[in-house]
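# Descriptive structure summary
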Amino acid sequence: MNVLFFLTPKENVAYIYSDVTVRQALEKMKYYHYTAIPIIDREGHYVGTVTEGDFLWGLLEQECLTWKEAEGKQLSALPRLRDNQSVSLDADIEDLLQLAMQQNFVPVVDAHNIFIGIVTRKDILQYFSVQTFVNAPQPELPKERTMLQIV
């Protein structure tokens, strides 16, 4: 199964640029109700992922607790605990499944590390759900029995 089958293209994904402020990044995450969001540079390269936890712990460690202070902090100064690992276009479904167990989404990049979209955990689970439950052979149900046959 090809990664493109699952891909949500970049134009349908909210992302942030690596040179924005902490406040701009938080506002975008809040607007889209995301818990994690991809970060790309101005050339389109995938840089990493920032999460709600990164903001929480980073802002507490830096004692930056007001919107005004968040305006003056660059996102790049915020320590990130973990970036979502990306895959290339030639990744297979097993690669996606392994990563989706640890990440909400899997970033997809081309051969030059240009961000082209994401594959969500939900899309992967839906695929496997259909393969497992809808396309699987159904067990034969017991035939109806009348009262005379039971006695």
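Up top you'll find the structure we're talking about.
Cut-offs and rules
- Residues numbered from 1 in each chain as written.
- Predicted model: local features only at pLDDT ≥ 70, side-chain atom pairs only at ≥ 80, totals over all residues.
- Heavy atoms only, no water.
- Helix = DSSP H or I, 4+ residues; strand = E, 2+ residues; numbered from the N terminus.
- Buried < 20%, exposed > 50% of the residue type's maximum accessible area, 1.4 Å probe, protein only.
- Patch = residues over 30% accessible without salt bridge, like charges linked within 9 Å, V, L, I, M, F, W, Y side chains within 5 Å.
- Areas by Shrake-Rupley, 256 points an atom, 1.4 Å probe, with all protein chains shown as cover.
- Salt bridge = Lys/Arg side-chain N within 4 Å of Asp/Glu carboxyl O.
- Axes fitted to C-alpha atoms, helices over the stretch in contact; angles between N-to-C directions.
- Left-handed = near helix turned anticlockwise from the far one by under 90°.
- Contact = heavy atoms within 4.5 Å.
- Nonpolar A, V, L, I, M, F, W, Y, C, P; charged D, E, K, R; others polar.

## Things to note about the environment of Ala91
Along the chain, Ala91 falls in the loop between β5 (87-88) and α4 (93-100). For Ala91, a relative accessible area of 9% translates into the label buried. Spatially, the C-alpha atoms of Ala91 and Asn2 are 7.4 Å apart, while their sequence positions differ by 89 residues.

## Quick notes on a nonpolar patch on the surface
Taken together, the side chains of Leu56, Trp57, Leu60 and Leu81 present a nonpolar region at the surface, about 460 Å² in accessible area. Tracing the chain through its elements places Leu81 in the loop between α3 (67-72) and β5.

## Notes on the packing of helix α1 (residues 22-32) against helix α2 (residues 52-61)
For any two helices packed against each other, the geometry is given by the interaxial angle and the distance between the axes. In contact at an axis separation of 11 Å, α1 and α2 are set at 145° when each is read in the N-to-C sense. Relative to α2, the crossing made by α1 is left-handed. Facing Val22, Ala25, Leu26 and Met29 of α1, the residues of α2 in contact are Glu52, Phe55 and Leu59. Here the residues of the contact of α1 with α2 are counted per class, giving six nonpolar, no polar and one charged.

## Topic: the pattern of salt bridges
Evaluation of the coordinates by the stated rule reveals three salt bridges. Among the ionic pairs, Asp19 bridges to Arg42, the shortest N-O distance being 3.0 Å. Taken together, the residues Asp19 in the loop between β2 (16-17) and α1 and Arg42 in the loop between β3 (36-40) and β4 (46-51) connect sequence positions 23 residues apart. The exposure class assigned to Asp19 is partly exposed, which follows from its relative accessible area of 40%. Measuring nitrogen to oxygen at the nearest pair gives 2.7 Å for the salt bridge that ties Asp83 to Arg80.

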